[in-house]
Number of protein chains: 4
Amino acid sequence: MGKREIRIAEGQEVPFHNNVGFCVGTGRMGLALQQEYQEQLKLVQEEIGFTHIRGHGLFCDDMAVYHEYEKDGQIKTEYNYTYLDMVMDSYLKLGIRPFLELGFMPCKLASGEQTIFYWKGNTTPPKDYGKWADMVRRLLEHLMERYGADEAAGWPIEVWNEPNLPGFWEHADMQEYFKLFAATFRAVKETDERFQVGGPAVCGVRDEEWMRAFLDFCRKEKIKPDFITRHHYTTQLPENVGHYGYARLSEPEEGFANLQSTRDIIDSYEEFKGLGIHITEFNTSYIPNCPLHDTNENAAYIAHQLSRLGDMNESYSYWTFGDIFEEQGVPFTPFHGGFGLVANGCIPKPTFWTFAFFKRLQEYGGKCVYRDDNIVILEGNGYCGAAWNHRPQGRETLTLEIRLPAREKEYTLLCKTVDEDTCNPLKVWHDMGEPANPAKDQVKILRESAVPLVTSGQVQSADGAVRLELELKPYAVLWFSLTARRQTSDRGYDYARVSGGAMK
Amino acid sequence: MGKREIRIAEGQEVPFHNNVGFCVGTGRMGLALQQEYQEQLKLVQEEIGFTHIRGHGLFCDDMAVYHEYEKDGQIKTEYNYTYLDMVMDSYLKLGIRPFLELGFMPCKLASGEQTIFYWKGNTTPPKDYGKWADMVRRLLEHLMERYGADEAAGWPIEVWNEPNLPGFWEHADMQEYFKLFAATFRAVKETDERFQVGGPAVCGVRDEEWMRAFLDFCRKEKIKPDFITRHHYTTQLPENVGHYGYARLSEPEEGFANLQSTRDIIDSYEEFKGLGIHITEFNTSYIPNCPLHDTNENAAYIAHQLSRLGDMNESYSYWTFGDIFEEQGVPFTPFHGGFGLVANGCIPKPTFWTFAFFKRLQEYGGKCVYRDDNIVILEGNGYCGAAWNHRPQGRETLTLEIRLPAREKEYTLLCKTVDEDTCNPLKVWHDMGEPANPAKDQVKILRESAVPLVTSGQVQSADGAVRLELELKPYAVLWFSLTARRQTSDRGYDYARVSGGAMK
Amino acid sequence: MGKREIRIAEGQEVPFHNNVGFCVGTGRMGLALQQEYQEQLKLVQEEIGFTHIRGHGLFCDDMAVYHEYEKDGQIKTEYNYTYLDMVMDSYLKLGIRPFLELGFMPCKLASGEQTIFYWKGNTTPPKDYGKWADMVRRLLEHLMERYGADEAAGWPIEVWNEPNLPGFWEHADMQEYFKLFAATFRAVKETDERFQVGGPAVCGVRDEEWMRAFLDFCRKEKIKPDFITRHHYTTQLPENVGHYGYARLSEPEEGFANLQSTRDIIDSYEEFKGLGIHITEFNTSYIPNCPLHDTNENAAYIAHQLSRLGDMNESYSYWTFGDIFEEQGVPFTPFHGGFGLVANGCIPKPTFWTFAFFKRLQEYGGKCVYRDDNIVILEGNGYCGAAWNHRPQGRETLTLEIRLPAREKEYTLLCKTVDEDTCNPLKVWHDMGEPANPAKDQVKILRESAVPLVTSGQVQSADGAVRLELELKPYAVLWFSLTARRQTSDRGYDYARVSGGAMK
Amino acid sequence: MGKREIRIAEGQEVPFHNNVGFCVGTGRMGLALQQEYQEQLKLVQEEIGFTHIRGHGLFCDDMAVYHEYEKDGQIKTEYNYTYLDMVMDSYLKLGIRPFLELGFMPCKLASGEQTIFYWKGNTTPPKDYGKWADMVRRLLEHLMERYGADEAAGWPIEVWNEPNLPGFWEHADMQEYFKLFAATFRAVKETDERFQVGGPAVCGVRDEEWMRAFLDFCRKEKIKPDFITRHHYTTQLPENVGHYGYARLSEPEEGFANLQSTRDIIDSYEEFKGLGIHITEFNTSYIPNCPLHDTNENAAYIAHQLSRLGDMNESYSYWTFGDIFEEQGVPFTPFHGGFGLVANGCIPKPTFWTFAFFKRLQEYGGKCVYRDDNIVILEGNGYCGAAWNHRPQGRETLTLEIRLPAREKEYTLLCKTVDEDTCNPLKVWHDMGEPANPAKDQVKILRESAVPLVTSGQVQSADGAVRLELELKPYAVLWFSLTARRQTSDRGYDYARVSGGAMK
């Protein structure tokens, strides 16, 4: 059993940029019309609470925004915001704002027929860039009118998605993307200067080449993007079997190094130095049928990611909040390796809690007094932290013995534990026989099995320090807090007489 | 560590009368107007689901039913059902029906000034039995009109509460009670023969004497009660300190013997032989400030009670479902030893889950294949049971090794565990410093700490039998089920590759 | 101003078969996943309450039920009920059951590429009738397993939709449809004999020819359908302008005559005589962009229909409950002439109340004492009725002077009025400027404008009769009730002193 | 039929201080624990939305705040905030804050036994002013700790209620009240200077004398209250019959003159000049059993009050929001002349809508362009106003012909009408026979009858002006708005073809 000692000195402070709550990913916008989608998002907002949401498909045909018709022998354009408004209304009702990704192409406006995914998003350039720009302008004007100019102008905008992949952008044609970016950037800024626009939304394929070319283009065109976007996935190539893809996790440092390279490239341009990077997608695997996503292992690995991603990035948006998602079709079972924090049936997965725990840290404020690859500790009114065991040595429990400066005589320790024994709905579902269509009472049990174990304790300080021992089973993720304890027993109340049975 | 082997033979069946869901107790009816009361009851109904609810105070002045006024020099009576209807409407909305206890005395109708409790229920006989009978008739007529005659006539009726205590009935005057009983019985039956009426609602003080005298009286008056009622508490005299009373649990067999004596007395009367007994109140301690009620010890002790009480009784109503209760005033803290299954703030106590588990057994149906002082096992479509460790030897864990006849090759084992480590909100609250007025986030954590740990497993049968090992820590209560497991993996899904980390 | 006298004699009774609550239509099943759809259905169920719901698209690709894959060089089939279960769960939660229409064709199972509607339902025969039958059997088995065999076997089944139109069934190929019907009928009955199966689901195009051919076929094949289905629309050909089609209402008697012909044809077959007819779709216009649907005129016309349709038919299902409906694409505006009883934004249209009123009559029970082309009156505990003015002479108000036998001295008259002045959200929306995307407060006002005006009165009887005068403005629909009034004023209450101001 | 012309000139502006949403009254604090109370308040907050709530009884025994016990022969004090927190939590959840009235006296702290009301609030001075001050300090400290110091310190505080009546304050002892005021003022300010404290909370009995004496006392003691409070009722002495009191409305100007006298008295003190006056209670009648409260007449009279009360007062708190109120006991019927805006059963009374309409004006902002005794008109983005007919001449309809400067060619007119014909639940209930305990479906109809009639229109401007005609039936209250109308018909939509029937 691994054991490590951690000793925090008085006044110690280390950097920790935690922006976990800034954004989360979603299945295509048309799916936001669905009731189950909304229920999953409601759960996510209640327990975690993200500020923004980003996904594909705003301009896809199921959103029905763009239309053409003939009149007097001429082709005219008309716009339909019926579904768009339903989606935006529902987001705002749940306290979340869109991070607008502009794409994909309405079929009527498309130059080609290439599509991506089960849901057939058209991924070809516009047949007419003027019409594209008009569609963008009209969209933003509509949003500003309906939701208020100040409100809407605060919604970040990203141009397209992963143009460096031929599936997402015909031929992965770089110059064509830059053309799209410039046209879009200008259309947006003409509408209202306050809108913040970014790109190039690339994933980790030829990303350095794309990043440099993009910045060169911007320099040449005298465009200053408001931020840079890219994606971040950390598994190797999956092995496909039946409906599923099995992928191993990568060495985390490889991913961080890749992200650092983006940071360095940007900073090498005088005019773009320090420009914020939004990771508009990240997860372990990049396929929506990778069983890994449903595991405690994923939860622990992501905890480690969350402790580091803020080092070089403004934000990082987990792909995705829920499992209403159809890129490879409709899943056959509730646990199918979907990207979501929540499985269909509104069952939180272990990774859901990783986000809940880091969001609690973000709200906690205070300063970071310690951070390593297994733990982060904040000091505020007491202490608060998260710990994880994402790389258990030989499946061993890791024990952290922590010594913290104490200002109080006594502390209340609260702890929430998510590990394979305490919060593992995937295992419960497997033990049930992996039912494709679990009955109502099975879903109830699955939800009940999907919550952290809450424990508590009292910790006395001694010699100006308080000692804490955290046990992390393999793939455990923990949230804990230490707050000053002042016992204020009611008159006559004696806990010692009633605890542990055998009333004295 | 204690260990016991349990071996169930093919075809084995033992008696087990489980009517746990029939009735639950409540604070006085006027409190049912409160929002927190209703929220606690809602939680209870959602997770447990009782059929009836019984408490005091229907005729108390806060319900404002009975009024007198003068007209032309004469005293007239008028009735007000405004609050009564609000209460009944709210009960029926939550799927629960009243078990009507007729009492206490409206001040205007009272013959004296003796009151009981902080809320001052008048406990003297009516000044006019004719007016009492009229009040009863008019009440029932009103209920039949509003809720339908068939519906209301199915609500059981009990006459008064614990007349064998001088506090509840002036001088504990036996003959006066019998007079009340007879007058009430007749008023009810005149209204509608279908109403079921019972008494004498005594607690365990001179109860044998009262029971015999009551039945003698009924025989003499040719009254045949529809059922007999009594109460059942199982602690010794409390020691009072400040706001609290500390009481030790009694030996369970003493209580069962006492209940058996009631059964025997009734059965000794030819005309009353076999008449059903409703225990219209039971709990461990009979005071609403006994810290024991909030403990896991209480939960385990009550589990034992629930496994036995049906042996001689028709039903048994836990006193009470929630902690909105004012007999000794308004509690200063959420955990204050109240009777409730739920603490204020809608926090389930361990005993809440004992009831939830036994209610699941009641719904499960099937036959009982085994019962002893630590476990009860039903066979239906698989097996289902509850186990508890209410008398741990030296605070040891008790292990039950169970061998059951198997019809299936493989079973899914589901288990919910409530013990001092997994579901102990009292301890968490104590560790918090026993806050009298916990903040919103403290209440949230307390609720999260108050749920069973759900675990699962797969069990293979061998030689026509399936073996199960249940570990019961001190004061643990467990629910478990074994159901046929048929793995129906989706195409390509391989749980072994994703479980336990290190994706293969 | 038109005026008519109606005099009901003591003991009078006339036939009136009112099954308005049996079934309602819906947009394709895939849309039932949407949140707005569910909210509209919830409103409909709360205020009206239908028993069954029927629509297209169960087997369409957006429901993702049917799949093929290759294994070892062979094509295999697999089924996915993820979305189907979500839909069925949501229906049952709202207290409504499916009237299963089996169709259209999964692309993978289709023999051709013909599709219908914006949402591209494939309307070609199966490429393999064996696979079709297997899909049907597996579907029903799944439903019986999930929802209980007794429950699911009670859900009516209809084979396909309007095969007499070439758009809905390739070439409107009669023999091919009969083949489909027979294959489906047998597959269903093999699964469970209790399922009730019907067809041929034709609309009013060559319907007599189809009906006869269908029954001839059944006779020859010795198939006895459990019921016959057809559709019923009552407008003339629309004139198309922009997104809209303008259609005039037909003379009602033409439609009733057409329905009678179906009745007569069936009854001319010895073995099918008396077989129930379910009108599985009806409305005024058969296009989802006919502004008429949103008007009070529609409400009044449909009231007339509802008073007559039960004469020859078992049930009649209004097409459709709500405006989440995409046959011609996504509507640009909330009022767009959609079929729905409810406009997007959960705004009830006038016709919504026609259904609510007739549903109240259905619940009322009693006997029908009078029915003509403007009114139907039931007698139960008092009287209850609906009246309408669907064909106002010169836009005049119609006054009905009604004389009813009285058993009571005094009655309470309650009346709900829906007409162009009291409940006309379309006009309010038009007065607002016809906003395509009304703001939140506009939607609130629209909803507030979309409720009936409730009025009341006291009516004294004289000479054993009670007289009632109902004023029906053009296109008015009224619900009214007369119930015995017994004033039970509280002590000292004198309404006369406070009514009409100027406190006396 | 009365008719008046109103002509508003370009640029016209008149004063109108509308603070209708600042505060509303409530039954005693202990009743806030009730569910029906909370449901009524929820309805009020959703449709009207008040900022503060004020009522009696914070320190009354049912709130259980103050306790004494003996220890070592000494009397000690302890505080219980269990119920207080439930109430405050529930208020804040509904978006409303307390306007804290400190009173009445806990029995244990009282110097005498005088009580007021059915619920027996003790109205005697404290037996010990030190203990009173301690109780106040501890209360505020508790509130600051629980709800945040900044939040709680913003809650206004009033000392006692109507000490000028002997029922509310023993002997109406002026000097004793001043002593209480000074002790309380100092205790509050010691706790936190930011708290705003006011008095003397008198009603209109010897009010001038009290006001002067109070200000003289403050001057002498060098106390500067943060605001002055008084009450305002506008009926004559009621005539009592049975449970009811019938009272005639006073001439409004008498009341306004009385309020002006308070204003003048305050302004005559140099150091108190301009001090804000909060009317912490107002209504027509001051008894909770005056049938007038339930009428349209009340609604219209209050509309007039709301158009004037801001002229000399900071705020004015209607007594009360709902009918859970027990000063004279529990009402026998839903309509019983209670103070509430909402009758029991969550039925809005006509006066509810008067408040809703004036709250809409408050939110509208803009400037007031016209105000007289029947109408107030605001100009913002268009126009918005309220009109009423509180003193109909001979029960005639009053017609207002209004001419307003127009900036737009065309306006949408929206209008909500509450009068005896359109929104009069009291009449519907009377027509039902005045049921004491209306059944569920009766309550539903009552609620449906209790909403304004919504109508709309289009108004064209001419010669730079827009003309509007408002018809006010006796006791009518109207809300109306004129907003620029720009018709944006969808392609092909022609309302003229579908409106008014007879599709063209």
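Residues numbered from 1 in each chain as written. Chains lettered and ligands numbered in written order. Predicted model: local features only at pLDDT ≥ 70, side-chain atom pairs only at ≥ 80, totals over all residues. Heavy atoms only, no water.

Empty space among the atoms becomes apparent when a probe as large as a water molecule is rolled across them. All chains considered together, the criterion is met by nine cavities of 30 Å³ or more. The calculated volume of the largest cavity comes to roughly 90 Å³. What lines the largest cavity is a set of 15 residues, and nearest its centre among them are Val451(C), Pro452(C), Val451(D), Pro452(D) and Leu453(D). Counting residues per element, the ones that place at least two in the lining of the largest cavity are β24 (453–462) of chain C together with β24 (453–462) of chain D. Partitioning the lining of the largest cavity into residue classes produces nine nonpolar, four polar and two charged. (1 Å grid on protein atoms, 1.4 Å probe; cavity = no way out; pocket = protein on both sides within 12 Å on 5 of 7 lines; lining within 4 Å. Points joined across faces, edges and corners; volume = space filled by probe spheres on them. Helix = DSSP H or I, 4+ residues; strand = E, 2+ residues; numbered from the N terminus. Nonpolar A, V, L, I, M, F, W, Y, C, P; charged D, E, K, R; others polar.)

Moving on to the pairing of strand β12 (residues 227–233) of chain B. All names here are of chain B. For β12, a buried count of seven out of seven residues is recorded, marking the element as mostly surrounded by other parts of the structure. Residues Phe227, Thr229, His231 and Tyr233 of β12 are buried on one face, and the alternating residues Ile228, Arg230 and His232, pointing to the opposite face, are buried as well. With six bridges joining them, β12 and strand β15 (residues 277–283) adopt parallel strand pairing. Each residue of the ladder has a partner; that of Ile228, found in β15, is Ile277. (Buried < 20%, exposed > 50% of the residue type's maximum accessible area, 1.4 Å probe, protein only. Pairing = 2+ DSSP bridges.)

Moving on, we come to the interface of chain B and chain A. Residue-level contacts link 64 residues of chain B with 65 residues of chain A. A salt bridge links Glu239(A) to Arg497(B); the shortest N-O distance between them is 2.8 Å. Those elements that provide at least two residues to the side of chain B that touches chain A are β13 (239–241), β14 (244–246), β23 (410–418), α10 (425–431), α11 (440–448), β24 (453–462) and α12 (495–498) of chain B. Each residue belonging to the side of chain B that touches chain A can be placed in one class, and the counts come to 25 nonpolar, 19 polar and 20 charged. (Contact = heavy atoms within 4.5 Å. Salt bridge = Lys/Arg side-chain N within 4 Å of Asp/Glu carboxyl O.)

Residues and elements named next belong to chain B. Along the chain, the position of Thr184 falls in helix α5 (residues 174–191). Assessed through its relative accessible area of 0%, Thr184 is described here as buried. There is a polar contact of 2.6 Å between the side chain of Thr184 and the backbone oxygen of Leu180. Residues within four places of Thr184 in sequence aside, it is in contact with Leu102, Trp132, Val136 and Val159. (Polar contact = N/O pair within 3.5 Å; in protein donor to acceptor, adjacent residues only side chain to side chain.)

Moving on, we come to the domain arrangement of chain A. Residue and element names in this part refer to chain A. Taken as a whole, chain A is organised into domain 1 (2–13 + 366–485) and domain 2 (23–364). Computed from C-alpha atoms alone, the centre-to-centre distance between domain 1 and domain 2 is 32 Å. In this assembly, 40 residues from domain 1 lie in contact with 33 residues from domain 2. Carbon and sulfur atoms make up 69% of the surface buried where domain 1 meets domain 2, a total of about 2,900 Å² over both sides. Run the count over domain 1 and domain 2 and you get three salt bridges. Two residues, Arg371 and Asp311, come together in a salt bridge whose shortest N-O distance is 3.0 Å. Our count for the contact surface shared by domain 1 and domain 2 stands at 15 residue pairs in polar contact (both at pLDDT 80 or more). (Domains from an automatic or database assignment. Buried area = accessible area lost by both parts, 1.4 Å probe.)

Now for the relation of the copies chain B and chain A. Aligned on chain A, chain B shows an RMSD of 0.1 Å; the corresponding rotation is 180° and the shift along the axis is 0.1 Å. Such a turn and shift between the copies fits a two-fold axis. In terms of proximity to the rotation axis, the leading residue of chain B is Leu453(B), whose C-alpha is 3.6 Å off the axis. Mapped onto chain A, 100% of the interface residues of chain B again fall at the interface, so both copies present the same surface. (Least-squares fit on C-alpha atoms with pLDDT ≥ 70 in both.)

A word on the sheet that holds strand β23 (residues 410–418) of chain A. All names here are of chain A. Reading across from one edge, β1-β22-β25-β24-β23-β26-β21-β20-β19 is the order of the nine strands in this open sheet, with mixed pairing throughout. Lying at the two open borders of the sheet, with one neighbouring strand each, are β1 (2–7) and β19 (367–371). Each strand axis lies, on average, 20° off the axis of its neighbour in the sheet, ignoring direction. Relative to strand β25 (residues 465–472), strand β22 (residues 398–405) runs antiparallel, the two being bridged by eight bridges. Considered in β25, the bridge of Glu401 is made with Glu469. Packing of helix α8 (residues 296–308) onto the sheet brings it into contact with β19, β21 (382–388), β23 and β26 (477–484), and relative to β21 it is tilted by some 125°. Lying over the sheet, helix α9 (residues 350–364) contacts β20 (375–380), β21, β23 and β26, oriented at roughly 155° with respect to β21. (Axes fitted to C-alpha atoms, helices over the stretch in contact; angles between N-to-C directions.)

Take helix α2 (residues 82–93) of chain B next. All names here are of chain B. In a regular helix each residue adds 1.5 Å, so twelve residues correspond to 16 Å; α2 covers 17 Å between its end C-alpha atoms and thus fits that length. Judged by how many residues are buried, α2 sits mostly within the fold: nine of twelve residues are covered. Along α2, the residues that are buried comprise Thr82, Tyr83, Leu84, Asp85, Met86, Val87, Met88, Ser90 and Tyr91. Where α2 ends, the next residue or the one after it, Gly95, has phi of about 75°, a positive value. (Expected span 1.5 Å × (residues − 1).)

A few words now on the pairing of β24(D). All names here are of chain D. Summarising the sheet, strand β23 (residues 410–418) and β24 pair through eight bridges and their orientation is antiparallel. Bridge pairing in β24 places Tyr411 opposite Val459. Where β24 lies against strand β25 (residues 465–472), two bridges are found, and the strand directions are antiparallel. When the bridges of β25 are listed, Ala462 appears paired with Ala465. In sequence, β24 turns back onto β25 through a hairpin of two residues, with Asp463 there showing a positive phi of about 55°.

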